[in-house]
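Coordinate analysis (summary)
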Amino acid sequence: MRAAFSSALVAAAKNDERVVLLTGDHGYALFDEFRRQCPSQYINAGIAEQNMVGVAAGMAKAGFRPIVYGLSAFVPVRVLEHIKIDVCYENLPVIFTGDGAGLVYSTLGTSHQSFEDIACLRAVPQIDIMSPCDAHELTACMSSALALASPVYMRMGKADVGAVYKTLPQLDRGALVKVRTGTHPVSLVATGSMVNTACTLAQELDASVWSAPWIKPLDTLQVRRIAAEAKAIVTLEEHSVAGGLGGALLEAMAEEAPVPVLRIGIGERFSHTAGSHAHAMREHGLDIATVRDRLQPFASRWKPD
């Protein structure tokens, strides 16, 4: 996924000289090729993320297409006020990329983990939120983000959890993408790293899986159609269950197509220990064995026709 991001950046900058990459002293190896091919379009703003957002806003008002890169614990969480006032209030075409979303920086503890970034931004007007699940979806998300003339936040989670797509998907703004068709009356809707987990568990149930590359906006009519055709929905995300994908789906479907929804994500707690990403996923109940233990009793309430 990170390699696809680097390639997409280089392609965008070579295609449009207005594209400028700003980083808060992160991603050196990741941007080696960008600096080699587009050195005049690269700015290291240093460990001053709030100022970096202000610089990006000014450049956007001057006609540039800034792409702001940082760890998701810092972009958007540390710079939320600056994103809100400097960029979103002005509806400027700035793309924010938050790397290491969720529990990726597990060894560095709570200060570098980010499972509230979606929730923070969902309430801010005029910004899209994207959450690609693999390299192909990320490439498509970057293309979609560059085509918009408004703020975008794209979160990038664990890069090596496995591919979901074999080719580039066709994305429509706000729409879910069906990545597996099954016969079970319970449908799975997942985003980011958890799409791969959903696909693995869906094979055991023969359930349908939908990927959510867009968290905001969300195609409300499509969500209601999916809910109307299913007897229940399970959402999976490497993010807090408060204010994330599950909450967005519940809000979209509550009035016209209410069905039971099991939200699988991070609960009301911080990490208590440090270790590998797999360790952190187990601690928060997002490893495949624990998710299976939650999913199977819920899904067993409905039998395939």
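Structure report, in brief. (Residues numbered from 1 in each chain as written. Predicted model: local features only at pLDDT ≥ 70, side-chain atom pairs only at ≥ 80, totals over all residues. Heavy atoms only, no water.)

1. Here's the deal with the layout of surface pockets
Considered as a void within the structure, the largest pocket measures approximately 230 Å³ in volume. For the lining of the largest pocket, a count of residues per class yields five nonpolar, five polar and five charged. As for the second largest pocket, its lining consists of Val161, Ser193, Met194, Asn196, Thr197, His277, Ala278, Met281, Arg282, Leu286, Asp287 and Ile288. Those elements that place two or more of their residues in the lining of the second largest pocket are helix H7 (194-205) and helix H10 (277-283). Per-element tally for the lining of the second largest pocket: the top contributor is H10, with four residues. Taken together, the residues that form the lining of the second largest pocket break down as six nonpolar, four polar and two charged. (1 Å grid on protein atoms, 1.4 Å probe; cavity = no way out; pocket = protein on both sides within 12 Å on 5 of 7 lines; lining within 4 Å. Points joined across faces, edges and corners; volume = space filled by probe spheres on them. Nonpolar A, V, L, I, M, F, W, Y, C, P; charged D, E, K, R; others polar. Helix = DSSP H or I, 4+ residues; strand = E, 2+ residues; numbered from the N terminus.)

2. Some details on the packing of H7 against helix H11 (residues 288-299)
Between two packed helices, the angle of one axis relative to the other and the distance separating the axes together describe the packing. The geometry of H7 relative to H11 is characterised by a closest axis approach of 11 Å and an angle of 50° between their N-to-C directions. Here H11 runs oblique to H7, going by the angle between their axes. Helix-helix and strand crossings are classified by hand; for H7 and H11 the assignment is right-handed. From H7, Met194, Thr197, Thr200, Leu201, Glu204 and Leu205 reach across to H11, where they touch Ile288, Val291, Arg292, Leu295, Gln296 and Ala299. Its residues placed into classes, the contact of H7 with H11 shows seven nonpolar, three polar and two charged. (Axes fitted to C-alpha atoms, helices over the stretch in contact; angles between N-to-C directions. Parallel < 35°, antiparallel > 145°, perpendicular 65-115°, else oblique. Left-handed = near helix turned anticlockwise from the far one by under 90°. Contact = heavy atoms within 4.5 Å.)

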